[in-house]
Amino acid sequence: MCKIINKYSKTGNLKYISHLDVLRFIQRSVNRAGIRAKYSEGFNPHMKTSFGFPLSLGIESIGEYFEIELNENLPPEEFKRKMNSVMPKEMQIIKSSCSDNTNSIMARCAYAEYIIGIESENLDMDRLNNLLSEMLETGVVYIRQKKNKKKKLVNKEINTKEYIRYLKADKSGDNKAKIEAVFITSETGSMKVDELLKLINDRAFNLDYHTIMKVDALDKDMEPIL
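Fair warning: this is a prediction, and the values are worked out from it, not measured in the lab.

About the criteria used
- Residues numbered from 1 in each chain as written.
- Predicted model: local features only at pLDDT ≥ 70, side-chain atom pairs only at ≥ 80, totals over all residues.
- Heavy atoms only, no water.
- Helix = DSSP H or I, 4+ residues; strand = E, 2+ residues; numbered from the N terminus.
- Buried < 20%, exposed > 50% of the residue type's maximum accessible area, 1.4 Å probe, protein only.
- Contact = heavy atoms within 4.5 Å.
- 1 Å grid on protein atoms, 1.4 Å probe; cavity = no way out; pocket = protein on both sides within 12 Å on 5 of 7 lines; lining within 4 Å.
- Points joined across faces, edges and corners; volume = space filled by probe spheres on them.
- Nonpolar A, V, L, I, M, F, W, Y, C, P; charged D, E, K, R; others polar.
- Expected span 1.5 Å × (residues − 1).
- Arc of directions from axis to C-beta.
- Polar contact = N/O pair within 3.5 Å; in protein donor to acceptor, adjacent residues only side chain to side chain.
- Disulfide = S-S within 2.5 Å.
- Phe/Tyr/Trp six-rings, centres within 6.5 Å; stacked < 30°, edge-to-face > 60°.

## Observations concerning the environment of isoleucine 116
(1) Moving on: Residue position: isoleucine 116 is located in strand S5 (residues 111-119).
(2) Moving on: Exposure remark for isoleucine 116: the relative accessible area of 0% places this residue in the buried category.
(3) Moving on: In this structure, the C-alpha to C-alpha distance between isoleucine 116 and valine 193, residues 77 residues apart in sequence, is 8.4 Å.
(4) Moving on: Residues in contact with isoleucine 116, not counting those within four places in the same chain, are Ala177, Lys178, Ile179, Ala181, Val193, Leu196, Leu197, Thr211 and Ile212.

Here's what the structure looks like:
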């Protein structure tokens, strides 16, 4: 009867649960909240939900998305209230709205925005921003290993400028910096934050500590999906 799009968080220890477990967890929460979800027809009916691109394990986020079709006319704010009452504080719905968009959430996601905190005794902000500009403008090539269909490891050459839309660092304390990064996301792939950190480390910055927070998923106009 209606479709609702939701923006939710995944923080704390829940950053270690897989994308598949998140799907199951949210669907179980819908049932616990007593919400009448719509199911597909056939011998194996499943709840009609769709999700954004999987979030890498170990990364916190305040900008994840899912969409759900309902068999009742439930106002989005009421859906949010019911769901949050049965979900833990580390995973809460931040915003809900009715949706009439026929494209999948994945098709709408064009960019992923991150805030990355780093610490290093060798932190030189000018050198760091020069490296980030090189990655963004001329590109830095690195090798990504992945398994092919025959389960054999193959090397793929990646140029950072193909996947980075925005990258800038600001000093946030003694030997500390905050990096704002916007990566291009598509069905053919995206750059991983771990790959960015490795490239920074390899340029002799010797990172001592880092934190990663995904801030939001953005559409083709670089606006939040919701």
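Now that the structure has been shown, the text picks up again.
## So, the layout of surface pockets
(1) Moving on: There is about 580 Å³ of room inside the largest pocket.
(2) Moving on: Along the wall of the largest pocket there are 29 residues; nearest its centre are Phe53, Pro54, Gly189, Ser190 and Met191.
(3) Moving on: Looking at the lining of the largest pocket, the elements with two or more residues in it are strand S3 (60-70), S5, strand S6 (141-147) and strand S10 (209-218).
(4) Moving on: Across the lining of the largest pocket, the residue classes tally to 13 nonpolar, 9 polar and 7 charged.

## Regarding unusual backbone geometry
(1) Moving on: Notably, lysine 151 is not glycine yet its phi reads approximately 65°, a positive angle.
(2) Moving on: The phi torsion at asparagine 206 lies on the positive side, around 45°, for a residue other than glycine.
(3) Moving on: As for its placement among the helices and strands, asparagine 206 is situated in the loop between helix H5 (193-205) and S10.
(4) Moving on: What makes asparagine 206 partly exposed here is its relative accessible area of 43%.

## Focus on helix H4 (residues 125-137)
(1) Moving on: When the terminal C-alpha atoms of H4 are compared, their 18 Å separation across 13 residues agrees well with the 18 Å that a helix rising 1.5 Å per residue should span.
(2) Moving on: All of the buried residues in H4 are Met125, Leu128, Leu131, Leu132 and Met135. Seen along its axis, H4 keeps its buried residues to an arc of 130°; they face one direction. Exposed side chains of H4 directed beyond 90 degrees from the buried face belong to Asp126, Asn130 and Glu137.
(3) Moving on: Buried residues along H4 sit against S5, strand S8 (164-173), strand S9 (176-184) and H5.
(4) Moving on: Taking the backbone nitrogen of aspartate 126 as reference, a side-chain oxygen 3.0 Å away marks aspartate 124 as the first, capping residue of H4.

## Observations concerning empty space enclosed by the protein
Empty pockets left among the atoms are what a rolling probe the size of a water molecule brings to light.
(1) Moving on: This structure, assessed with the given rule, holds 1 cavity of 30 Å³ or more.
(2) Moving on: The space that makes up the largest cavity amounts to roughly 50 Å³.
(3) Moving on: If you go around the largest cavity, the residues you meet are Tyr8, Lys10, His19, Val22, Leu55 and Glu64.
(4) Moving on: Mapped onto the lining of the largest cavity, the elements with two or more residues apiece are strand S1 (2-10) and helix H1 (19-32).
(5) Moving on: Counted by class, the lining of the largest cavity contains 3 nonpolar, 1 polar and 2 charged residues.

## Considerations on H5
(1) Moving on: When we look at burial in H5, the residues that qualify are Val193, Glu195, Leu196, Leu197, Leu199, Ile200 and Phe205.
(2) Moving on: Contact partners of the buried residues in H5: S5, H4, S6, S8, S9 and S10.
(3) Moving on: In the segment just after H5, asparagine 206 is the residue with positive phi, at about 45°.

## Some points on the state of the cysteines
(1) Moving on: As enumerated under the stated definition, the model contains 0 disulfides in all.
(2) Moving on: Looking at the unpaired cysteine 109, the closest cysteine sulfur is the one in cysteine 98, lying at 19 Å.

## Section: the environment of isoleucine 179
(1) Moving on: Within the secondary structure, isoleucine 179 is located in strand S9.
(2) Moving on: For isoleucine 179, a relative accessible area of 0% corresponds to the buried category.
(3) Moving on: For isoleucine 179 and asparagine 206, which are 27 residues apart along the polypeptide, the C-alpha to C-alpha distance reads 16 Å.
(4) Moving on: When near neighbours in sequence (up to four residues on either side) are disregarded, isoleucine 179 contacts Tyr114, Ile115, Ile116, Ile118, Leu132, Leu167, Lys168, Ala169 and Ile200.

## Points about the packing of aromatic side chains
(1) Moving on: Enumeration according to the criterion identifies 4 aromatic pairs in this entry.
(2) Moving on: For the ring pair phenylalanine 51 and phenylalanine 66, a centre distance of 5.6 Å and an interplane angle of 25° mean the geometry is stacked. On the criterion of sequence distance, the pair formed by phenylalanine 51 in strand S2 (residues 49-51) and phenylalanine 66 in strand S3 is long-range, its members being 15 residues apart. Comparing phenylalanine 51 with phenylalanine 66, the two get one shared label, buried.
(3) Moving on: Each ring, one from phenylalanine 66 and one from phenylalanine 79, has its centre 6.5 Å from the other, and the planes form 55°; the classification is tilted. Of this pair, phenylalanine 66 sits in strand S3 while phenylalanine 79 sits in helix H2 (residues 76-86), and the two are 13 residues apart along the sequence.

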